[in-house]
Amino acid sequence: MTTKNDYFKLGRLVSIILAIIPITSWILGVATRFMEGKIVAGLLRLLLGWNIIWLIDLLLILFTGRIMRILNI
């Protein structure tokens, strides 16, 4: 697995800044999953991405540079 930064490969610092803001984290998380072709995962983020998923994404962006990926469908 190659290491890449999420949020359109904008870089780790920019991804961290965008992940701190809940609404941008939610929108970019949904957009990232849809761009990967993961429709079901994108829909779940659309519905559930504003609560605990935001906190988990924030921690993962800080420590790994990637957002959470539960489903690959």
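Described in the following lines is the structure provided in the data block. (Residues numbered from 1 in each chain as written. Predicted model: local features only at pLDDT ≥ 70, side-chain atom pairs only at ≥ 80, totals over all residues. Heavy atoms only, no water.)

**Digging into the overall build of the protein**
A count of helices and strands for the protein gives five helices and zero strands. Put simply, the protein runs from its N terminus to its C terminus through helices and strands in the order α-α-α-α-α. A compact globule built from 73 residues would reach a C-alpha radius of gyration of about 11 Å, and the protein, at 11 Å, matches this within 12%. Looking at the protein as a whole, 34% of its 73 residues qualify as buried. Long-range pairs, those at least 24 residues apart, make up 54% of the contacts in the protein between residues at least 6 apart in sequence. (Helix = DSSP H or I, 4+ residues; strand = E, 2+ residues; numbered from the N terminus. Rg over C-alpha atoms; globule rule 2.2 N^0.38 Å. Buried < 20%, exposed > 50% of the residue type's maximum accessible area, 1.4 Å probe, protein only. Contact = heavy atoms within 4.5 Å.)

**Details of a nonpolar patch on the surface**
Taken together, the side chains of Phe-34, Ile-39, Val-40, Leu-43, Leu-44, Leu-46, Leu-47, Leu-48 and Ile-73 present a nonpolar region at the surface, about 780 Å² in accessible area. The dominant element in the nonpolar patch, judged by the number of residues it contributes, is helix α4 (residues 39-48), at seven residues. With respect to the helices and strands, the residue Leu-44 is situated in helix α4. (Patch = residues over 30% accessible without salt bridge, like charges linked within 9 Å, V, L, I, M, F, W, Y side chains within 5 Å. Areas by Shrake-Rupley, 256 points an atom, 1.4 Å probe, with all protein chains shown as cover. Salt bridge = Lys/Arg side-chain N within 4 Å of Asp/Glu carboxyl O.)

**Notes on helix α5 (residues 52-63)**
Taking 1.5 Å of rise per residue, the twelve residues of α5 would be expected to cover 16 Å, and the 17 Å separating its terminal C-alpha atoms lies within 8% of that figure. Where α5 ends, the next residue or the one after it, Gly-65, has phi of about 85°, a positive value. (Expected span 1.5 Å × (residues − 1).)

**Digging into helix α2 (residues 12-20)**
Taken residue by residue, α2 has Ser-15, Ile-16, Leu-18 and Ala-19 as its buried positions. Each buried residue of α2 sits inside an arc of 165° when the element is viewed along its axis, so together they form one side. Packing partners of the buried residues in α2 comprise α1 (6-9), α3 (22-35) and α5. (Arc of directions from axis to C-beta.)

**Brief notes about the nonpolar core**
Membership of the largest hydrophobic core is limited to nine residues, which are Tyr-7, Ile-16, Leu-18, Ala-19, Leu-28, Trp-54, Leu-58, Ile-61 and Ile-67. Looking at this core, the elements that each hand over two or more residues are α2 and α5. Look past the residues within four positions of Tyr-7 in its chain and what remains in contact with it is Ser-15, Leu-18, Ala-19, Ser-25, Leu-28, Gly-29, Thr-32, Ile-61 and Ile-67. (Core = buried A, V, L, I, M, F, W, Y, C linked by side-chain atoms within 4.5 Å.)

**Comments concerning the side chain of Arg-45**
Checked against the element boundaries, Arg-45 lands in helix α4. When near neighbours in sequence (up to four residues on either side) are disregarded, Arg-45 contacts Trp-26, Gly-29, Val-30, Arg-33, Ile-53, Asp-57, Ile-67 and Met-68.

Keep in mind that these numbers describe shape and distance, not what the molecule does.
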